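Next come the chains, spelled out residue by residue.
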Amino acid sequence: MTRARSGNDSADLTLDALRRGGLVADDVRIHPDTLEHQATVAEAHSNPQLAANLRRAAELTSLPDEEVLAIYEALRPRRSTRGELDALAESLESRGLTINAALLREAAAVYSRRGMLR
Amino acid sequence: MTIGRFRFMDAQRVNLDGFAVEDAELGLVAFASPHDPAPSLVVVDGRVVEMDGRSETDFDVIDEFVARHGLDLSVADEAMAIDDIAYARLVVDPNVPRSEVVGLASGMTPAKLARALTHLRPAELVLAMTKVRARRTPSNQAHVTNRSDDPLLLAADAATAAAFGFREIETTVPVLGDAPSNAIAVSIGAAVGSPGVLVQCSVEEALELEMGMRGLVSYAETVSLYGTEQIFVDGDDTPWSKAFLTSAYASRGIKMRVTSGGGAEALMGGAEGCSMFYLEARCVSLARAIGSQGVQNGGIDSASVAGAVPGGVRSLMAENLMVMLRNLEACTGNDALMSESDVRRTSRTHPIFIAGSDFVCSGFGSIQRYDNMFGPSQWNSEDVDDWLAMQRDWGVDGGLRTAQEQDVARLRRRAAEAVRDVYAYLGLGDFDESWLEQAVDAAGSKDVPAADLMTPLSAARIIRDTGISMLDVATALDACGYDVEAERLLLMLRARIDGDYLQTAAIFTEEMQVLSLVTDPNDYAGPGTGYSPTVERQREIDAIRQQRSVADLRAEQADLRDDSLRLVGPAASGNDPREVTIGVSAAVGRALWVSLSGLTVVDILDELLAGLEEEGAVGRIVRVNDSVDLGAIGLTAARLSGSGIAIGLQAKGTALITRRDLSPLANLELYSVAPTVTRELYRQLGVNAARHAKGATPEPTRNPYSEQAIEARYHTKVVSLVAIERSCVDPSLAPEDLALAEARS
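Note that the coordinates shown come from a computational prediction; the quantities given were computed from them, not determined experimentally.

Asks: Looking at this model, I keep getting lost on the overall build of chain B. Mind explaining?
Replies: Counting secondary structure elements, chain B contains 29 helices and 21 strands. Taking all 745 residues of chain B together, 57% fall into the buried category.

Below, the structure written as structure tokens:
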């Protein structure tokens, strides 16, 4: 059994539930624990990079769609200043998204060296 | 002025293709440019300080990301030290487990892996791909698009693609704003066709992600990587933005892979003098580094650039193998059409087809070429039967299956009606009856003049504005009576909660089982191991709809039964010097009534008799019961003939003129190509036989040879016809006279 982000069992995602009008968006969103589990599976199958991706993803489950889209936009070339990327990293860090914060900080440093800041 | 032979050669389709002189400066070189760096890796205190000849202070963004995230430093010393040829041999050797070569690759820099794989010959690439691809069971992906973004046609075509066995469907748009409508229409159509078909809508990165988050698509693929920093940034991304994007998809439980391909940098004028294969090696290393589970590569949009240079097609396949060695899902190109020549495009695909791949085509154009909004594919709807025949020829699973016409007709109607009803239910648009009927029947969008281009645009706008999600679509389907399809959409949504299809190379079976590196790992270790179709699947591969048995042929012949040829009695020797006999084989007019040309045996006999009569001869039909051999039939008839001249005729239409003193294998004239013999030619054969009877030497008729594959078309029929002829032979039965009834229509 797998739980959706809403906490409901994925097996409860049925036509009956749909007809009762009881399904909400979080019933079809993946739970961070599931991503952590999949990360361990990926590691066991010789792909630590896929595992790392799934762990970044586990953190991102807590963000709303708009914020995820906004961070992606901020990471595109010449969209952000060094300060903006660092502030974004800070904000993620403060909410427990430490792996993503590290990714942003790394990006900020490299963008600075390679001229990809705004 | 060129000579005829070269004028003829110049006119062949292959000469529409462009062929480039190798030019390393422009990146027009498949393997090993002089500017490709020598492999190197220097690690100090667990940190990569030099990679492929560049020190860390000079790392570009690609180097940096690969160096920081992409290499397994615990095996790097061994991996970088191994001799290139030695590694290439390990890759090919079936006795060396996949895990060992994949493990070594994880410690190799891009230049190292590229240089080692440069040594593999085509046959070795086939063996390596058979062994190293991630998933045991091969599969295939379809493009489903059309010029009008017609939702009804998209749905009907998606259902059709699913019926033919495609497990992933990729759509895209000619009009960007239509994207959400296309995603919904294709998802509904796919759900009508089969459970578990993954659907994506390829558009600009951010919009594609947004649609994924709304559940409107079940995987993503249009996340492009490039091998040089300049081109990467021109693509408006960095390795970090792509890494984040990769995680963004996973955070919503959506499968994704990235896209790259040799020749892309050269095409955009930014190859920096490097070979296509080396730059692609950088892309694939980066794909692994950012944590993508898979890569679509093998040229893709620039396949024809690779195809233009020496060794380019081999490099496309080697790119795919490189993905497999990086332990990733390989979606192996064979999508963008890389040649005008059917021979070249088949040659480009065939090694991958026989090796098997996670997705043999990363976009088989299941629709017509003109409807493919990615541009024509390497394989298109006109090639579906070819593909099925090729699978059967080689006993290979290329991911497709035969679909029966009545099933496809039913699915197309249900898909189009489901979209019509759902769009009406959700207030997205209305479709009139003629549009629906045209879409169900259409072979392509040109057959749907009723389609209105504003409908999808307005539907898409409403979907975005009102935030319609896949749950809403499932509700609408259920409310409109499509509960089976609603359930299938729910199962796809459930898949993204379960997360198992985020693992490498995942597809769903029709029973919603995940097949992936984890659940269906490739275990090839030489003959007798690895993927082999199940008995049931092999039957599916073998039983193409065009196959015919002797029983089918008997039934076909019986439908054209004609009783105008009747038995007179035992045949005696004739005395009339004007007499020419026509010896017919035992099955003529008894079990067989139609020849290979489509003329009935009665038609043929009419013409022969008329030809004889024209020249004053008298014809007599004699059935020869003791042989299927045309020479023997002719000779037996000639020995009964008053003139000593006879015509021999088999039911399939093969005919000759012979004389009683000739040996069984000799003849005066022979029509050997039965399928192309016409009424006029049979009449001429009668005329010539009569002239022989008069002692003249007529000019032989020219056999109607053509450029067509007559043998391919008719030999299977011939085997059945001869079997029927043989079943009618009775060695104890003497020749019999036959007569044609006078009054016939």
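Asks: Help me understand the overall build of chain A in this model?
Replies: The helix and strand inventory of chain A stands at six helices and zero strands. Order of helices (α) and strands (β) in chain A, N terminus to C terminus: α-α-α-α-α-α. Against the 2.2 N^0.38 benchmark of 13 Å for 118 residues, chain A shows a C-alpha radius of gyration of 17 Å, more extended than a compact globule. Taken over the C-alpha atoms alone, chain A extends approximately 55 × 35 × 25 Å along its principal axes. Sorting the 118 residues of chain A into buried and exposed places 44% on the buried side. The long-range fraction of contacts in chain A, counting pairs at least 24 apart against all pairs at least 6 apart in sequence, stands at 41%.

Asks: Just checking my understanding: could you explain unusual backbone geometry for this structure?
Replies: The phi angle of most residues is negative, glycine excepted, and most peptide bonds adopt the trans form. Residues and elements named next belong to chain B. Positive phi values are uncommon outside glycine, yet Ile 300 reaches one of about 55°. Mapped onto the elements of the fold, Ile 300 is located in the loop between strand E10 (294–296) and helix H15 (303–307). The phi dihedral of Asn 334 is positive, around 55°, even though this residue is not glycine. Relative to the helices and strands, Asn 334 resides in the loop between strand E11 (329–331) and helix H17 (342–355).

Asks: Just checking my understanding: could you explain the sheet that holds strand E19 (residues 655–659) of chain B for this structure?
Replies: The strands making up a sheet associate through backbone hydrogen bonding, with each pair oriented either parallel or antiparallel. All names here are of chain B. Ordered in space as E15-E21-E17-E16-E18-E19-E20, the seven strands form an open sheet in which the pairing is mixed. What marks the edges here is a single partner per strand, and that holds for strand E15 (565–570) and strand E20 (669–671). Averaged over all pairs of adjacent strands, the angle between their axes in this sheet comes to 30°, without regard to strand direction. Bridge count for E15 against strand E21 (residues 736–740) is five bridges, and the pairing is antiparallel. Residue pairing in the sheet places Gly 569 in a bridge with Asp 737 of E21. Here helix H26 (residues 601–614) sits on the sheet in contact with E15, strand E16 (579–584), strand E17 (618–623), strand E18 (645–649) and E21, set at roughly 145° to E17. Packed onto the sheet, helix H28 (residues 679–693) meets E16, E18, E19 and E20 and runs at close to 0° relative to E19.

Asks: So what exactly am I meant to see when it comes to the confidence of the model for chain B here?
Replies: Regions with low pLDDT should not have their predicted coordinates read in detail. When pLDDT is averaged across chain B, the result is 96; 100% of the residues are at 70 or more. Prediction confidence for the complex, expressed as pTM and ipTM, is 0.94 and 0.99 respectively.

Asks: What is the right way to look at the domain arrangement of chain B in this model?
Replies: Interface size, as often reported, equals the accessible area lost upon joining of the parts. Once the domains are mapped, chain B shows domain 1 (132–541) and domain 2 (551–740). Spacing between the C-alpha centres of domain 1 of chain B and domain 2 of chain B amounts to 55 Å.

Asks: Just to check I follow, could you spell out the interface of chain B and chain A for this structure?
Replies: Across the boundary between the two partners, chain B contributes 55 residues, which contact 44 residues of chain A. The element best represented in the side of chain B that touches chain A is helix H12 (residues 239–251) of chain B, accounting for 10 residues. Partitioning the side of chain B that touches chain A into residue classes produces 23 nonpolar, 19 polar and 13 charged.

Asks: What should I look at first to understand the nonpolar core in this one?
Replies: Residues and elements named next belong to chain B. Core analysis: the biggest nonpolar cluster contains 215 residues, and Ala 155, Ala 158, Ile 188, Leu 321 and Ala 415 have the highest contact counts within it. Here the element with the most residues in this core is helix H14 (residues 276–290); it accounts for 11 residues. Among all residues touching Ala 158, those that are not within four sequence positions of it are Val 144, Ile 169, Val 186, Gly 189, Ala 190, Gly 193 and Ala 415. If you look at the next biggest cluster of nonpolar residues, it comprises 50 residues, including Leu 553, Ala 571, Ile 633 and Ala 655.

Asks: In this structure, what is going on with the pairing of E19(B)? I would like to understand it.
Replies: Within a regular strand, the side chains alternate between the two sheet faces. Residues and elements named next belong to chain B. Taking burial as the measure, the five residues of E19 include four buried ones, the bulk of the element. Examined bridge by bridge, E18 and E19 share five bridges and lie antiparallel to one another. Each residue of the ladder has a partner; that of Leu 649, found in E19, is Ala 655. Connecting E18 to the antiparallel partner E19 that follows it, the hairpin turn spans five residues, and Gly 653 within it adopts a positive phi of roughly 110°.

Asks: Is there a simple way to think about the sheet that holds E11(B) in this case?
Replies: Residue and element names in this part refer to chain B. Ordered by their spatial adjacency, three strands build an open sheet running E9-E10-E11, and the pairing between neighbours is parallel. Each of the sheet's edge strands pairs with one partner strand only, and the pair in question is strand E9 (258–259) and E11. Note that E10 and E11 share three bridges and pair parallel. Residue pairing across strands places Val 295 opposite Ala 330, the latter belonging to E11.

Asks: I tried to follow the packing of helix H8 (residues 151–163) of chain B against helix H20 (residues 433–441) of chain B on my own but got confused; where do I start?
Replies: Helix packing for two helices is described by the angle between their axes and how far apart those axes are. Residues and elements named next belong to chain B. Relative to each other, H8 and H20 sit at 30°, their axes nearing to 9 Å. Here H8 is positioned roughly parallel relative to H20, judged by the angle of their axes. In terms of crossing hand, the pair formed by H8 and H20 is right-handed. Only Trp 435, Leu 436, Ala 439 and Val 440 of H20 make contact with H8, whose side of the interface consists of Leu 152, Leu 153 and Ala 156. The residue inventory of the contact of H8 with H20, partitioned by class, reads seven nonpolar, no polar and no charged.

Asks: Explanation requested: the pairing of strand E1 (residues 41–44) of chain B in the structure shown.
Replies: Residues and elements named next belong to chain B. Bridge analysis of E1 against strand E2 (residues 47–51) gives four bridges, and the strand direction is antiparallel. The partner of Val 42 across the bridge, within E2, is Glu 50. Following E1, the chain reverses through two residues before pairing antiparallel with E2; Asp 45 in that reversal takes a positive phi of roughly 50°.

Asks: I keep staring at helix H19 (residues 405–425) of chain B and nothing clicks. Help me out?
Replies: One full turn of an α-helix is made of 3.6 residues, so residues set three or four places apart face in the same direction. Residues and elements named next belong to chain B. Look at H19: 30 Å from first C-alpha to last across 21 residues, which is about the 30 Å you get at 1.5 Å a residue. Leu 411, Arg 412, Arg 414, Ala 415, Ala 416, Glu 417, Ala 418, Val 419, Arg 420, Val 422 and Tyr 423 are the residues of H19 that are buried. Tucked inside the fold, the buried residues of H19 contact H8, helix H9 (179–193), H20, helix H21 (454–466), helix H22 (470–479) and helix H23 (483–498).

Asks: Sorry if this is basic, but what is going on with helix H29 (residues 710–728) of chain B here?
Replies: Residue and element names in this part refer to chain B. Between the first and last C-alpha of H29 there are 26 Å, a value that for 19 residues agrees with the 27 Å anticipated at 1.5 Å per step. At Thr 716, H29 shows its largest bend, some 30°. Along H29, the residues classified as buried are Ser 720, Leu 721, Ile 724 and Glu 725. The secondary structure elements touched by the buried residues of H29 are helix H25 (550–559).

Asks: Looking at this model, I keep getting lost on the environment of Val101(B). Mind explaining?
Replies: Residue and element names in this part refer to chain B. With respect to the helices and strands, Val 101 occurs in helix H5 (residues 98–105). C-beta crowding within 10 Å serves as the criterion here: with 22 such atoms nearby, Val 101 is assigned to the buried category. Those residues within four positions of Val 101 in sequence are excluded, and the remaining contacts are Leu 90, Val 91, Val 96, Val 132 and Leu 325.

Asks: Help me understand the environment of Asp84(B) in this model?
Replies: Residue and element names in this part refer to chain B. Tracing the backbone through its elements, the reader meets Asp 84 in helix H4 (residues 84–92). Taking the number of C-beta atoms within 10 Å as the measure of exposure, Asp 84 has 16 and is therefore partly exposed. Apart from residues no more than four positions distant in its own chain, Asp 84 is found in contact with Arg 115, Ala 116 and His 119.

Scoring rules and cut-offs
- The written sequence of each chain sets the order in which its residues are numbered from 1.
- A letter from A marks each chain and a number from 1 marks each ligand, given out in the order of writing.
- Whole-chain, interface and lining totals are the exception, using all residues; otherwise, since this is a predicted model, local features are given only for residues with pLDDT of at least 70 and side-chain atom pairs are given and counted only at 80 or more.
- For the purposes of this entry, the term helix denotes a DSSP run of H or I that reaches at least four residues, the term strand denotes a run of E that reaches at least two, and both are numbered from the N terminus.
- In this scheme the burial state of a residue depends on its C-beta neighbours within 10 Å: 20 or more other such atoms mean buried, 12 or fewer mean exposed, and anything in between means partly exposed; the C-beta positions come from the backbone.
- Within these notes, the globule rule equals 2.2 Å times the number of residues to the 0.38 power, and the radius of gyration is based on C-alpha atoms.
- Placing C-beta atoms from the backbone, we regard two residues as in contact once those atoms come within 7 Å.
- For two strands to be treated as a pair, DSSP must find at least two bridges joining them.
- To define axes, lines are fitted to C-alpha atoms, for helices over the stretch in contact only, and angles between the resulting N-to-C directions are given on a 0 to 180 degree scale.
- Along the chain, pLDDT gives the predictor's confidence residue by residue, from 0 to 100.
- Start and end points for every domain follow an automatic or database-based domain assignment.
- For this classification, Asp, Glu, Lys and Arg are treated as charged, while Ala, Val, Leu, Ile, Met, Phe, Trp, Tyr, Cys and Pro are nonpolar and the rest, including Gly, are polar.
- Structurally, a nonpolar core is described as a collection of buried Ala, Val, Leu, Ile, Met, Phe, Trp, Tyr and Cys residues joined by way of C-beta atoms within 7 Å.
- Working definition: roughly parallel below 35 degrees, roughly antiparallel above 145 degrees, roughly perpendicular at 65 to 115 degrees, and oblique for all remaining angles.
- By definition, turning the near helix anticlockwise from the far helix through less than a right angle yields a left-handed crossing, and turning it clockwise yields a right-handed one.
- Multiplying one less than the number of residues by 1.5 Å gives the expected span of a helix.
- Fitting one axis to the seven residues ending at a residue and another to the seven starting there, the bend at that residue is the angle between the two axes.

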